[in-house]
Amino acid sequence: MSVVVRFAPSPTGFLHIGGARTALFNWLYARHTGGKFLLRIEDTDRERSTQQAIDAIFESLKWLELNWDNEPVFQFSRAKLHAEVAKQLVEKGLAYYCYCSVDELTKMREESLAKGLTPRYNGYWRDRPVSEAPRNVSPVIRFKAPQNGTTIITDLVQGRIEIDNTQLDDMVLLRADGTPTYMLSVVVDDHYMEVTHVIRGDDHLTNAFRQYHLYKACQWTVPEFAHIPLIHGADGTKLSKRHGALGVEQYKDMGFLPEAIRNYLLRLGWSHGNSEIISTEQAIKWFDIHNVGRAPARFDLQKLINLNGVYIRQADNWRLLEDIRPRLEERTKKRTKMNLVLKGMNGLKERAKTLIELADHATFYLECPIFDDKNDTYTQKSADDNNNRYLAKVANMINYLQILIDLLTTFNNFDYLLIEEEIRKLCKRQELKVGDVVMPARIAITGSTVSPSLFEVMSIFGKDETISRLAAYRDFLSALS
RNA sequence: GUUCCCAUCGUCUAGCGGUUAGGACAUCGCCCUUUCAAGGCGGUAACACGGGUUCAAUUCCCGUUGGGAACACCA
């Protein structure tokens, strides 16, 4: 029998990082086994489900490149079928109508809690004749859960788990308004979608036991379960907004690459020997649900950032340019110089951990960051703080800049290696430190003390732009002193 | 509170009775060097605790402690 898995988020918010991992594991398992990866939107909670959230989930999955098979299933559209199943169970005597009010149920839970028991429904209407039913109350349908014995589930991740059936209470299948609950819907949908493996968050583990009996009551095959541990925040508690339980979209906005996120999420709770950098192809080949760890893992942003740097360095230059183009265009009008960014990409991507950084560092190719277009002058203010250290030695800097200009003016060929060779020769001749000469030029050309190799930058700019920036800064410094 | 799950460096993890307990991120040195990265080399750093079982326990069993999850007419 071929594998069918599904990712079934409820559209009550964005797709968070934990959901993304659940989706990834399902997707990998499907691709690994050559099975199907289905998507089901669990929108039975009409109050909290939004179109916005549905769109966000689709967008996030697409961005992560976790493509699903078949059309997505919207659970609410199948509500009639779900209700039908509930009614059939009543007819078979496997479920019953319950007329308890919300207040009564709350009271019941409080009483159990006071006695030190698990709060749950006490089965008041389980064996009570319908003739006793109050007139003006619309009933819910409850499932008759077994009251004795034990239930055993062999979870693919958690192993064999046994619970006492006294833990199970009679869960609501159909609400008073006739809409199905999650417990009913999942089971019915998973059955009709022919899902063979239910891979989901650990928080559903206890649900599996209740669902198990529902499968049995319907005489359906119980799927394999795999409950993967949740992701925790850096402090070990449940991941919340405070920790970075952000939407996938927000990680995109922070400049992360989808392949970096996939790799990070995969390694969180799963490993393959000493492999850290794992391509998607390798992941598909290696992934097995059986060796997913059982303990929850903490989310470590530093490791994600590091991994992102690795993937940026590996990425194609054109693709990176396209990734940062919107950010660059936001920042400057000089779109004609994008080819310079592309030429400089090898030097730039070596130094960036995120696409934001990459865009930041690339800006100088488009315009000199410390040159203010409006006033047609340089500003010290916009230069980074380090510059001040060098600006203290203005006279020296003017001198070095002039030496460089004189040298570069004689060049016909603006080749990277040639520039380096000649500047080194000059420094040796005049007994100057290469760093002393290079740093003022770096500030003049890139507006910062941090940049890719200056010789590379110069060769990319070419003679005119290089000398023009050097001269402009020289003049600015002269005016200062 | 009740039930279930979990436990190796700060973090993610390898280990599946006998290892100098390995790797990665982070961190700290050094090297390389025009800055910053990247890279190279090296350092600090872990088997929660207590009982068993065994010739031998990080590894198997039990308990303690500590963490987590679930207990809705939410999903």
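Keep in mind the model is a prediction, meaning the values are calculated, not measured.

Regarding its fold elements, chain A presents 19 helices and 14 strands. For a compact globule of 481 residues, the expected C-alpha radius of gyration is about 23 Å, and chain A comes in at 32 Å, more than 25% above that figure. Along the first, second and third principal axes, the C-alpha set of chain A runs to 105 × 45 × 40 Å. The proportion of buried residues among the 481 residues of chain A is 51%. Across chain A, the fraction of contacts at a sequence separation of at least 24, relative to all contacts at a separation of at least 6, is 75%. Averaging the locations of the 62 positively and 62 negatively charged side chains of chain A gives two centres separated by 2 Å.

Moving on: the nonpolar core. In this structure, Ile289, Val341, Met458 and Leu470 are the most contacted members of the largest nonpolar core, which totals 106 residues. The greatest single-element share of this core, amounting to 10 residues, is contributed by helix H15 (residues 394–409). Dropping the residues within four chain positions of it, Ile289 is found in contact with Tyr29, Leu156, Val157, Ile199, Ala226 and Ile228. Counting 34 residues, the second largest nonpolar core, distinct from the first, contains Ile163, Met171, Ala217 and Phe225.

As a further point, take the pattern of salt bridges. Opposite charge on two side chains lets them pair, provided their charged atoms get close. Throughout the structure, instances matching the rule amount to 25 salt bridges. Among the ionic pairs, Asp170 bridges to Arg126, the shortest N-O distance being 3.0 Å. On the criterion of sequence distance, the pair formed by Asp170 in the loop between strand E7 (159–164) and strand E8 (172–174) and Arg126 in the loop between helix H4 (102–114) and strand E5 (140–143) is long-range, its members being 44 residues apart. Each member of the pair Asp170 and Arg126 is classed as buried. Here Glu420 ties to Arg424 by a salt bridge, and the two come within 2.9 Å at their closest N and O atoms. Separated by four residues within a single helix, Glu420 and Arg424 lie in helix H16 (residues 416–429), roughly one turn from each other. In this structure Arg424 comes out as partly exposed when scored by relative accessible area, which is 41%. Sharing partners across several salt bridges, the network here consists of Arg6, Arg40, Glu42, Arg78, Asp189 and Asp190.

This next bit is on the sheet that holds E5. Across the sheet, which stays open at both edges, the three strands sit in the order E4-E5-E8 with antiparallel pairing between neighbours. In the strand order of this sheet, the two ends are held by strand E4 (95–98) and E8, each with one partner. Strand-to-strand twist in this sheet, taken as the mean axis angle between neighbours without regard to direction, amounts to 45°.

With 18 residues, helix H19 (residues 463–480) ought to run about 26 Å at 1.5 Å a step, and its terminal C-alpha atoms sit 26 Å apart, in line with that. Considered for burial, the residues of H19 that qualify are Thr466, Ile467, Arg469, Leu470, Ala471, Tyr473, Arg474, Phe476 and Leu477.

A few words on unusual backbone geometry. Of note in this structure, Glu194 is not a glycine but carries a positive phi near 60°. Note that Glu194 resides in the loop between helix H5 (182–192) and strand E9 (197–201). On the basis of relative accessibility, which here comes to 59%, the residue Glu194 falls in the exposed class. Positive phi is not limited to glycine here, since Glu431 has a value of about 55°. Its place among the elements puts Glu431 in the loop between H16 and helix H17 (434–446).

Take the packing of aromatic side chains next. This model, assessed by the stated rule, comprises 15 aromatic pairs. These aromatic residues form a ring-pair network of at least three members: Tyr251, Phe256, Tyr264 and Phe299. We note Arg46 situated over the ring of Phe76; from NZ or CZ to the ring centre the distance is 3.8 Å. Above the face of the Tyr124 ring, Arg128 is positioned so that its terminal group lies 3.9 Å from the ring centre.

A separate point is the packing of helix H12 (residues 338–349) against helix H13 (residues 355–366). Following both chains from N to C, one finds H12 and H13 inclined at 135°, their axes separated by 9 Å at the closest point. Put simply, H12 runs oblique to H13. Handedness of the H12/H13 crossing: right-handed. Between H12 and H13, the contacting residues are Met338, Leu340, Val341, Gly344, Met345, Leu348 and Lys349 on the first element and Leu358, His361, Ala362, Phe364, Tyr365 and Leu366 on the second.

With that settled, the discussion passes to the side chain of Asn263. Its place among the elements puts Asn263 in helix H8 (residues 258–267). Under the relative-accessibility criterion, Asn263 is labelled buried at 2%. Contacts of Asn263, omitting those with residues within four sequence positions, involve Glu276, Ile277, Ile278, Leu307 and Tyr311.

With that settled, consider the environment of Asn26. As for its position among the elements, Asn26 is in helix H1 (residues 17–33). For Asn26 and Val198, which are 172 residues apart along the polypeptide, the C-alpha to C-alpha distance reads 8.5 Å. If we ignore the near neighbours within four places in the chain, the residues touching Asn26 are Val5, Arg6, Phe37 and Ile199. Side-chain polar atoms of Asn26 contact the backbone oxygen of Ile199, separated by 2.9 Å.

Turning to the protein's contact with RNA strand B, a few remarks are in order. For RNA strand B, the set of nearby residues contains 67 residues, the closest of which are Arg175, Thr206, Arg294, Arg351 and Arg424. Close to the protein, within 4 Å, the atoms of RNA strand B belong to sugar or phosphate groups at a rate of 71%. Between RNA strand B and Gly269 there is a distance of 2.6 Å, counted from a phosphate oxygen to a backbone nitrogen or oxygen.

A word on the confidence of the model for chain A. Residues shown with low pLDDT carry predicted positions that ought not to be read at fine detail. Overall, the prediction assigns chain A a mean pLDDT of 91, with 93% of residues at 70 or greater. Considering only residues more than four positions removed or in separate chains, one finds that residues 381–386, a stretch of pLDDT under 50, has eight contacts. Reported confidences for the modelled complex are a pTM of 0.93 and an ipTM of 0.95.

Quick notes on the rules
Within every chain, residues take consecutive numbers counted from 1 along the sequence as written. Here every chain gets a letter starting at A, and every ligand a number starting at 1, in the order they are written. For a predicted model such as this one, the threshold for reporting local features is a pLDDT of at least 70, and the threshold for listing and counting side-chain atom pairs is 80 or more; totals across whole chains, interfaces and linings nevertheless cover every residue. Computation of side-chain values: all heavy atoms of the structure, hydrogens and water removed. Secondary structure follows DSSP: runs of H or I at least 4 residues long count as helices, runs of E at least 2 residues long count as strands, and numbering of each begins at the N terminus. We compute the radius of gyration over the C-alpha atoms and compare it with the globule rule, which gives 2.2 Å times the number of residues raised to the power 0.38. Note on classification: 1.4 Å probe, protein chains only; a residue is buried when its accessible area is under 20% of the maximum for its type, exposed when over 50%, partly exposed between these limits. In this analysis, two residues are considered to be in contact whenever any of their non-hydrogen atoms come within 4.5 Å of each other. For the purpose of counting charges, residues Lys and Arg are taken to be positive, whereas Asp and Glu are taken to be negative. His and the chain ends are not included. Every charge is mapped to an atom, namely NZ of Lys, CZ of Arg, CG of Asp or CD of Glu. Here, the term nonpolar core denotes a set of buried Ala, Val, Leu, Ile, Met, Phe, Trp, Tyr and Cys residues that are joined through side-chain atoms within 4.5 Å. Salt bridges are identified by distance alone: a Lys or Arg side-chain nitrogen within 4 Å of an Asp or Glu carboxyl oxygen. Note: two strands are recorded as paired if DSSP finds a minimum of 2 bridges between them. Convention adopted: a line fitted to C-alpha atoms gives each axis, helices being fitted over their contacting stretch, and angles between N-to-C directions are expressed from 0 to 180 degrees. In this analysis, the expected span of each helix is defined as 1.5 Å times one less than the number of residues it contains. Stacked, edge-to-face and tilted labels apply to pairs of Phe, Tyr and Trp rings (six-membered ring for Trp) whose centres lie within 6.5 Å, assigned for plane angles under 30 degrees, over 60, and everything in between, in that order. Our definition puts a charge over a ring when NZ of Lys or CZ of Arg is within 6 Å of the ring centre and also within 35 degrees of the ring normal. Here roughly perpendicular refers to angles of 65 to 115 degrees, roughly parallel to angles under 35, roughly antiparallel to angles over 145, and oblique to all remaining angles. In a left-handed crossing the near helix is turned counterclockwise from the far helix by less than a right angle, and in a right-handed crossing that turn is clockwise. Polar contacts, as counted here, are pairs of nitrogen or oxygen atoms within 3.5 Å of one another; within protein the pair requires one atom able to donate a hydrogen and one able to accept it, and residues that are adjacent in sequence qualify only if both atoms are side-chain atoms. Put simply, a residue is near a molecule or strand once any heavy atom of it comes within 4 Å of that molecule or strand. How sure the predictor is of each residue is captured by pLDDT, a score from 0 to 100.

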